Amino acid sequence: MLLWRGIFNIVVCNYVTYWHNSRAKNVAASEDRNYSSPVATTQRDKQFIRAALKEAEKAEGQTSPNPAVGAVLVIDNRIVAKGHHRGPGHEHAEIECLRNFDAPVPARATLYVTLEPCSTVGRTSPCTDAILKAGVRKVVVGAVDVNPRHSGKGIAQLQNAGVKVRNGILAEECARLNEAFNKWIVTRRPFVIAKCGMSLDGRLTRPSGEPRWITGAPARRHAHHLRARVDAILVGAETVRVDNPRLTVRDMRGPRQPWRVVLTRSGKLPRHARLFSDRMATRTLIYQGKPLATVLKNLGKRDVTSVLIEGGGEVLGQALDARLIDKVQLYLAPVLTGGPVIAFPGRGARNAMNALRLRRISYQQIGQSVCITAYPKVGPSE
């Protein structure tokens, strides 16, 4: 049952991506009558959407459960104002950008925004109202919002008011920035990242008595940047007993600390472990005797949009067997350790045809380690 539930989660996530890309292409095609699209215009649009993406990235990991969004206002091929969403309750990117311009917007100006402007009242007023009130006549959108409350409605509202809209510029890059939000807002399940540092022979720990770190300091610093972008870090009870981790973001300025989640069968955990005694103790959640899929569902209800599974091997194996993983980020150290602590034990695939295939694979050397990032692929094995 867990296996099929996991497959369902991955299928839904892939469907969201497919629907998003199809929607972007359809809306973009409908814009041809409103907005000219020669090659020069397309390249210019990409240039300024990239600038808006840089704005959005300034608050990456700080906006959950909202998406990260950036905007730039352009007049005569020059950026005259910028803005990005800073978090729940703060102004959205479009509104901050227009406020930063602080002058009447001329008709020749174009507003570039990474995500479709919202058209409904939430913690803030609709962005479409602010855009129309400011007198913006041309808008370029990166990605259509997959939120069912907003999807396509913001673009339609602007068009109906006579605004020229061009959509789908660098849509995949804009959507990737909010990959966790895009899954959570549709399924109410968090985006799950499986992360570990391991030896070339797939082990998680060194022999007993040696330092527990396998990867070098540069790789560990890189992993802290990943921690800074997620809402929760999840580990098993054995990791707490053996490693006594802190599971916090360190060596970075002003990060938002994620929830720390512990899975335990027995409930027997060391009372003085850092997770229960440090200043972040109120940010620690304990789930006793709960299947991983149930825990993730509960975290989704808590507005946790992304979960980073850091181990140990038993939890990583459960996630793999149940196909609950949306992304893997593995750090390989140039060592061979042997030993019993395998990175992804579990039941394993019945045969090679049933193995979890990966796509969009990237490799990055970090110090002496290699970071592999990839996404599960659903479909016939290649």
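Undergrad: I keep staring at the pattern of salt bridges and nothing clicks. Help me out?
TA: A pair can form between side chains of opposite charge whenever their charged atoms are brought close. Across all of its chains, the model carries 15 salt bridges by this definition. For Glu 179, the salt bridge is made with Lys 327, and the minimal N-O distance between the two is 3.1 Å. Residue Glu 179 is found in helix H7 (residues 179-187), and its partner Lys 327 is found in strand E11 (residues 327-333); the two are separated by 148 residues along the sequence. Between Asp 326 and Lys 183 there is a salt bridge; the shortest N-O distance is 2.8 Å. Of the two residues, Asp 326 is situated in the loop between helix H12 (313-321) and E11 and Lys 183 in helix H7; the sequence distance between them amounts to 143 residues. Pair check on accessibility: Asp 326 and Lys 183 agree, each one buried. Each of the salt bridges in this network shares a partner with another, and the network as a whole consists of Lys 195, Arg 227 and Glu 310.

Undergrad: When you look at helix H4 (residues 127-134) in this model, what are you seeing that I'm missing?
TA: Because an α-helix packs 3.6 residues into every turn, residues spaced three or four apart end up facing the same way. Along H4, the residues classified as buried are Cys 127, Thr 128 and Ile 131. Viewed end-on, H4 has its buried residues packed into an arc of 100 degrees, placing them on one side of the element. Contact partners of the buried residues in H4: helix H3 (93-101), strand E3 (110-115), strand E4 (138-143) and helix H5 (153-160). The first or second residue beyond H4 is Gly 135, which carries a positive phi of 85 degrees.

Undergrad: Please clarify how the environment of Ala 223 should be interpreted in this entry.
TA: Among the structural elements, Ala 223 can be located in helix H8 (residues 217-227). A C-alpha to C-alpha distance of 8.8 Å links Ala 223 and Tyr 331, two positions 108 residues apart in sequence. When neighbours within four sequence positions are excluded, Ala 223 is seen to be in contact with Lys 195 and Tyr 331.

About the cut-offs
Residues numbered from 1 in each chain as written. Predicted model: local features only at pLDDT ≥ 70, side-chain atom pairs only at ≥ 80, totals over all residues. Heavy atoms only, no water. Salt bridge = Lys/Arg side-chain N within 4 Å of Asp/Glu carboxyl O. Helix = DSSP H or I, 4+ residues; strand = E, 2+ residues; numbered from the N terminus. Buried < 20%, exposed > 50% of the residue type's maximum accessible area, 1.4 Å probe, protein only. Arc of directions from axis to C-beta. Contact = heavy atoms within 4.5 Å.

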